[in-house]
Amino acid sequence: GRARAAARAATTVKKSSLKAIERLHRRDMRASAAGDFRALRALVDDEAVMFPPAGAPQRGAKEFDVAFERMAAAPKTHEVVSYRLDFEEVKVFGNYAVEWGAIRGATREISTGRIVESEYHVMRVLRRQKNGSWKVYRSIWAPRVAPPAG
């Protein structure tokens, strides 16, 4: 009856949310791989807060507009060789979602050709937008440190 119909509706909403979040992940990976900072800015909620490694928290549209514009205007010293988001868990709670996993990638120093690989632990809170898409609302990431040998 009604309970079964409500459960089906909830499952449908969750599936469509997860598909929309996967679209966010794909857009994020494409923009990151291309070094497209304007496209990356479009994936960040105007009320977002981010905690970059060893940096001050960034918050709000004005700070993000300035930060992403600065990155877009900076001389290009590296090119992205690979960039991948690997989320181990994505949980949807109404208009918010929590996800955690890893960011893995490699860049090439343009001047030397040297390739540097990187891996970060990441946890994000996403917020559903009025149009049904999702944007990054809170984010914290830190470099993965290899355990000591022995």
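See the structure shown above.
As the structure is a prediction and not an experimental result, all values here were calculated from the model. (Residues numbered from 1 in each chain as written. Predicted model: local features only at pLDDT ≥ 70, side-chain atom pairs only at ≥ 80, totals over all residues. Heavy atoms only, no water.)

Considerations on the overall build of the protein
Per the secondary structure count, the protein includes three helices and six strands. For the protein, the N- to C-terminal ordering of α and β elements is α-α-β-β-α-β-β-β-β. Overall, the protein is about 65 × 45 × 25 Å in size when its C-alpha atoms are taken along their principal axes. Looking at the protein residue by residue over its 150 residues, the buried ones come to 25%. For the protein, restricting intrachain contacts to residue pairs at least 6 apart in sequence, the fraction spanning at least 24 positions comes to 51%. When the accessible area of the protein is evaluated, it comes to approximately 9,900 Å², of which 56% is carbon and sulfur surface. Each charge class in the protein was averaged separately, 28 positive and 17 negative side chains, and the resulting centres sit 8 Å apart. (Helix = DSSP H or I, 4+ residues; strand = E, 2+ residues; numbered from the N terminus. Buried < 20%, exposed > 50% of the residue type's maximum accessible area, 1.4 Å probe, protein only. Contact = heavy atoms within 4.5 Å. Areas by Shrake-Rupley, 256 points an atom, 1.4 Å probe, with all protein chains shown as cover. Lys, Arg positive; Asp, Glu negative; His and termini not counted. Charge placed at Lys NZ, Arg CZ, Asp CG, Glu CD.)

As for the pattern of salt bridges
Enumeration according to the criterion identifies 13 salt bridges in this entry. Note that Arg108 is salt-bridged to Glu79, the shortest N-O span being 2.5 Å. Of the two residues, Arg108 sits in strand S4 (residues 96-109) while Glu79 sits in strand S3 (residues 78-93), which places them 29 residues apart along the sequence. Judged by its relative accessible area of 30%, Arg108 is partly exposed. (Salt bridge = Lys/Arg side-chain N within 4 Å of Asp/Glu carboxyl O.)

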